[in-house]
Amino acid sequence: MYAPFPTSPLPAQRTGPGGDAGRGFAVVDVETTGLGRTDRVISAGVYQLDPDGEVTDHWYTLVNPERDPGPIWIHGLTSEVLAGAPTFPEVAAEFAERLRDRVMVAHNALFDWNMISREFSRAGLRAPVEQRLCTMVLARDLRLPLPNGKLSSLAAHFGVSQRQAHHALDDARVLAEVFRPSLALARNGGVPLPLTTCVAVTDLGESAPAGSSRGSWSSSYRPARKRPACPYPNPGRWVDGSPLMQGMRVAITGDTATDRQLLEDRMIEAGLHIASSVSRLTSLLVTNEPTSWSGKARKAREYGTPVVGEDAFLQLLREVAPHPGA
């Protein structure tokens, strides 16, 4: 059993460069008004850890989203509670200092990164995070015998008690406590940390059509939109220096600065097939992090699938060649 981390204020400590984590880690949890790109952060908790995973400081703030707070029955934060809280621009500088020069650690880290990055972008800033680490991916790489990917399951595995689920500071504490032994297992077992490069989110969802439910909490649990079948047969793999061709099977993995649904809409309009996985038939993988630990990136390396970054793919989308049989 690992000793629990405190929740009372601690003096901030700075550690020098060390290991593969620079100044260390920033273990983060945010509560939000929902799960979409138009949703807002309403509270944030950060535990700062040194490169060995030991706590050095922690911080918590409420954030006034200046809109409906969303699922109160989950996070418990009402409009009345948030009314006197600072807005995100008012806490951005302090939040940034908690993150700067550290690896951001979160459970389902892509979600937390997207929410945080959008808030900084709305404030005209960039979140000072270069790399993130998802504890769901780390647990998988460590082959921990978990029944599912929930934080509660990871906490139970390491004997960590959850005091107040969906409270940003307590969720960050729990995550920090389970990350410390996970980090030790990875280093002792020679398992590389699944670090992912963070791409700043620039699509803030502000252009959503009036009356659109995209980004609302109620729409977040709807199944993915059913895409029309691609009418063209697969012409094969993309070759560097040549244009994309209608019917090519294109997969995407990791962060994209362009909203994923908008990107997929453009692919369909161009006559491309959106591949949900990578196989020997995949024509191209689009990713901003080709060396990532995602399943698609791993399969692409295994099969020798061509890989391009988002910017290059957007250029290719401008001129997609017609299918030979069209």
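First, a word on what this report is: a plain description of the structure on this page.

Definitions and cut-offs
- Residues numbered from 1 in each chain as written.
- Predicted model: local features only at pLDDT ≥ 70, side-chain atom pairs only at ≥ 80, totals over all residues.
- Heavy atoms only, no water.
- Buried < 20%, exposed > 50% of the residue type's maximum accessible area, 1.4 Å probe, protein only.
- Helix = DSSP H or I, 4+ residues; strand = E, 2+ residues; numbered from the N terminus.
- Pairing = 2+ DSSP bridges.
- Salt bridge = Lys/Arg side-chain N within 4 Å of Asp/Glu carboxyl O.
- Axes fitted to C-alpha atoms, helices over the stretch in contact; angles between N-to-C directions.
- Lys, Arg positive; Asp, Glu negative; His and termini not counted.
- Contact = heavy atoms within 4.5 Å.
- 1 Å grid on protein atoms, 1.4 Å probe; cavity = no way out; pocket = protein on both sides within 12 Å on 5 of 7 lines; lining within 4 Å.
- Points joined across faces, edges and corners; volume = space filled by probe spheres on them.

### Overview of the pairing of strand β2 (residues 41-49)
Taken residue by residue, a regular strand's side chains alternate between the two faces of the sheet. Within β2, 9 of the 9 residues are buried, which leaves it mostly tucked inside the rest of the structure. Across 8 bridges, strand β1 (residues 25-32) lies against β2 in antiparallel orientation. Looking at the pairing, Ala26 lines up with Gln48 of β2. Both β2 and strand β3 (residues 55-62) contribute to a ladder of 7 bridges, which runs antiparallel. Looking across to β3, one finds that Val46 is bridged to Trp59. Between β2 and β3, which follow one another and run antiparallel, lie 5 residues, and Gly53 among them has a positive phi close to 90°.

### Looking at the pattern of salt bridges
Going through the model one piece at a time under the given rule, you end up with 14 salt bridges. For Glu54, the salt bridge identified is with Arg180, shortest N-O distance 3.2 Å. Here Arg180 lies in helix α7 (residues 168-189) and Glu54 lies in the loop between β2 and β3, a separation of 126 residues in the sequence. Between Glu177 and Arg173 there is a salt bridge, with its nearest N and O atoms 2.7 Å apart. Note that Glu177 and Arg173 are positioned in helix α7 at a spacing of 4 residues, about one turn of the helix. Across the pair, exposure class does not vary: Glu177 and Arg173 are buried alike.

### Quick word on the sheet that holds strand β5 (residues 131-134)
In any sheet, the strands associate via hydrogen bonds between backbone groups, in a parallel or an antiparallel arrangement. Taken together, the 6 strands give an open sheet; going across it, the order is β3-β2-β1-β4-β5-β6, and neighbouring strands pair in mixed fashion. What marks the edges here is a single partner per strand, and that holds for β3 and β6 (195-197). Put simply, the sheet's adjacent strands are angled 25° from each other on average, direction ignored.

### Details of the side chain of Glu31
The topology assignment puts Glu31 in strand β1. Buried and without a salt bridge, Glu31 has Arg173 as its closest oppositely charged side chain, separated by 13 Å. For Glu31, the contacting residues outside a window of four places in its chain are Arg40, Val41, Ile42, Ser43, His75, His166, His167, Ala168 and Asp171.

### A closer look at the layout of surface pockets
Within this model, the second largest pocket holds a volume of roughly 670 Å³. Taken together, 25 residues make up the lining of the second largest pocket; nearest its centre are Asp29, Glu31, His107, His166 and Asp171. At the level of secondary structure, the elements contributing two or more residues to the lining of the second largest pocket comprise β1, α1 (72-75), α4 (109-122), α6 (151-157) and α7.

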